[in-house]
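Remarks on the overall topology
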Amino acid sequence: MAVNGSGIPGAQVSVVVIGYDDAAHIADAVRSALGQGPAVAEVIAVDDASTDRTGPLLDRLATGEPRLRVVHRPVNSGGCGTPRNDGVRAATAPYVMFLDSDDVLPHGAVPALLAAALEHEVPVAAGLCVRRELPLGRDTPWQPQLYRRAVVHDSPEDHPALVRDTLCVNKLYARAFLTRHGIVFPDGRFPYEDFVFGARLLAAGPRLALVPDTVYVWHVRRNAARASLSLDRRHVENWQARLRAHGQGVAVLTEAGRTSLAHAARVKFLDHDLRMYVRELPGHGPAYRRAWWRVTRDWLAGCEEADLRAARAPARWIARVVLASPAPRDLDRLAQLAARPARLLPPYAEAGGEPVWAADLPQAALDGLTGPGAKPARRLPVTVDATLLPGPGLRAGLRLRVHEIYGRLAAANPHTADVELRLRDGAAVVEHSVPLARDGACWRAALDLDLGQLAVHGHRDGPDRRARAPQAWDVRVRIHCTHGGVLRTAARAVDVRTRPCVRFGLRCGVLLAQPCATGAGSLALRLAPGVRCGAGVVLRRVRRMLVRRLPARRPAAAGPRPAVRLVPVRLPLARLLSAVLRAPWSRRDDA
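Analysis parameters
Residues numbered from 1 in each chain as written. Predicted model: local features only at pLDDT ≥ 70, side-chain atom pairs only at ≥ 80, totals over all residues. Heavy atoms only, no water. Helix = DSSP H or I, 4+ residues; strand = E, 2+ residues; numbered from the N terminus. Buried < 20%, exposed > 50% of the residue type's maximum accessible area, 1.4 Å probe, protein only. Contact = heavy atoms within 4.5 Å. Core = buried A, V, L, I, M, F, W, Y, C linked by side-chain atoms within 4.5 Å. Pairing = 2+ DSSP bridges. Phe/Tyr/Trp six-rings, centres within 6.5 Å; stacked < 30°, edge-to-face > 60°. Salt bridge = Lys/Arg side-chain N within 4 Å of Asp/Glu carboxyl O.

Tallying secondary structure elements over the protein chain gives 16 helices and 26 strands in all. Counting over 591 residues, the protein chain shows a buried share of 53%. Residue pairs at least 24 apart in sequence account for 71% of intrachain contacts in the protein chain once pairs closer than 6 positions are excluded.

Once that is clear, we can look at the nonpolar core. By size, the foremost hydrophobic cluster in this structure holds 90 residues, and its most contacted members are Trp292, Leu344, Trp357, Leu398, Trp473 and Ile479. Per element, the largest residue contribution to this core is eight residues, and it comes from helix H11 (residues 313-324). Setting aside residues up to four positions removed in sequence, tryptophan 292 forms contacts with Val236, Trp239, Leu274, Tyr277, Val278 and Leu281. In terms of nonpolar packing, the next biggest core, distinct from the first, is built from 72 residues, Ile26, Val46, Val124 and Val215 among them.

All right, on to the sheet that holds strand E17 (residues 437-439) then. The strand order across the open sheet built from five strands is E17-E18-E14-E13-E21, with neighbouring strands paired in mixed fashion. Edge positions in the open sheet fall to E17 and strand E21 (492-493), since each of these has one partner strand only.

Below, the discussion takes up helix H6 (residues 193-203). Of all eleven residues making up H6, nine are buried, and the element is well covered by its neighbours. Within the sequence span of H6, burial applies to Glu193, Asp194, Phe195, Val196, Phe197, Ala199, Leu201, Leu202 and Ala203. Following H6 by one or two positions, glycine 205 has its phi on the positive side, about 65°.

This brings us to the packing of aromatic side chains. In this description, a pair of aromatic rings is defined by centroid distance and the angle of the planes. Scanning the model with the defined rule gives 13 aromatic pairs in all. Taking the centre distance of 5.2 Å and the plane angle of 80° together, the rings of phenylalanine 98 and phenylalanine 185 count as edge-to-face. Placement of the pair is phenylalanine 98 in strand E4 (residues 95-100) and phenylalanine 185 in the loop between helix H5 (175-180) and H6, with a sequence separation of 87 residues. Aromatic pair tyrosine 173 and phenylalanine 197: ring centres 5.5 Å apart, planes at 90°, arrangement edge-to-face. Taken as a pair, tyrosine 173 in strand E8 (residues 171-174) and phenylalanine 197 in helix H6 lie far apart in primary sequence, 24 residues in all. You'll find tyrosine 173 and phenylalanine 197 in the same group, each marked buried. Three or more aromatic residues joined by ring pairs form one cluster here, namely Trp239, Phe269, Tyr277, Trp292, Trp293 and Trp299.

For the rest of this paragraph, the subject is helix H12 (residues 331-338). With seven of eight residues buried, H12 lies mostly within the body of the structure. For H12, the secondary structure elements touched by its buried residues are helix H8 (259-280), helix H9 (286-301), H11, strand E11 (354-358) and E21.

Right, let's get into the pattern of salt bridges. Going through the model one piece at a time under the given rule, you end up with 33 salt bridges. Arginine 69 is the partner of glutamate 42 in a salt bridge, and the nearest nitrogen-oxygen pair spans 2.8 Å. Linking glutamate 42 in strand E2 (residues 40-47) with arginine 69 in strand E3 (residues 68-72), this pair joins segments that are 27 residues apart in sequence. Residue glutamate 42 is classed as buried on the basis of its relative accessible area, which comes to 6%. Relative accessible area serves as the criterion here: at 33%, arginine 69 is assigned to the partly exposed category.

See the structure below:
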């Protein structure tokens, strides 16, 4: 057995790379696996009957790399499970790991997992995955609380929170363990196949070693021509597929007698999955909303009360509203409650002296807000409305309104608000403290911002210091109270339909500025400093305005039609620029 320089036995791991019509990215995935060093015995690339250059590209790569083996499926499976199963069957190394064609393994990922598996003699080793938003390059750790330190669990039931990591790609598996327990992926078109595979794995009760190393980079391309199966949530069938996969996973755990894990999986689905889809409900049409509401009510009707009580308050309250109402209602308010951090918007109704969602929905109780066992003031889902108003020169006025919530905030006596502007994807943080003044059932504060100074901070501390790139600043608020500590939340965007403002100043020259709302409804500020940066924003808008989707008028023999075509728009320059400035800079950010 070969041993590498670190003392870890080499040639121990088969990396299974699956791909379908992804010639643009699969070579990077394969190279990242081969670049893991001698620990990787082979890379098995499974081409799921691609119709583009994916298959020939893999074959060319294999001619110069003896560790690369290519498996060509004759018929497309429609999902990720079947090609992964094919890869495991073709593997010959003792351990196996999975990699999708549009993702990569960071340097040292396989050696880190293999070292943990060998040192602790465990059949499963897992590490941290990061979601990388492209093209921005913003990294978000996936379930980071599980991977803060190296730890070994003798059984999954020792740490039920393991069910929250439903990914299969950030783990190393002993192939013999998978074979002995019949752990495979669902075949065919089965979105969220990880849910079922992960449940089958945990049901087998393996010992697990967790490492704090980043072992997988999950690329999220929201503007890709073909959305991934998990990100394509345009149709309610996606939610139904997620419910089906979750239900099968819970059934697997229950049948194996892993009741604590099954309970943890149901609670996780309420806390994470339900809230994620509720946040997106306002952006869908009426037909989707009605179908989603009907499907979700049926599913929630089968939940146990113990699961609802164990879920976090926002998820529990959302579930009770859906159960209590036969038709979709209060979607914007529900979406704000589903945000992270959660915000409970008024009106604040009561029934029998207890907080409820609405006066006409008294059965939807908001338990835990008042009375014995109420959550501390610092954990209240307080709403802070924020409006950004243009001022003279490079100045702008930020106006805050902090809502009372069932008398709890008044009892805590808020007195000061710290406003934090944090540069997204950068290091800059600008803070201001302002006093809060009571105004009836709320507290108000006002702050003047120097946009030119903010742009200079972003240029100096941003990820790309070579050019004045567009900047996005998120607005967060800390409320200091005399009693109850500090409440932390994100400012809720109010009235952000203002068109971009063009400003001029000595420090940054031309500055294009516009407030906007993130996908969770939080306030953000976009700045484009300098003529080149501002012109780039304008030109991107112009290109979007000129692109129109046209119906196909081509015979079938002519081949696939292009997805988009450019249509000349004859507008006077003044009208064109006016339309450009009225249009939003981009889609709402996901947060």
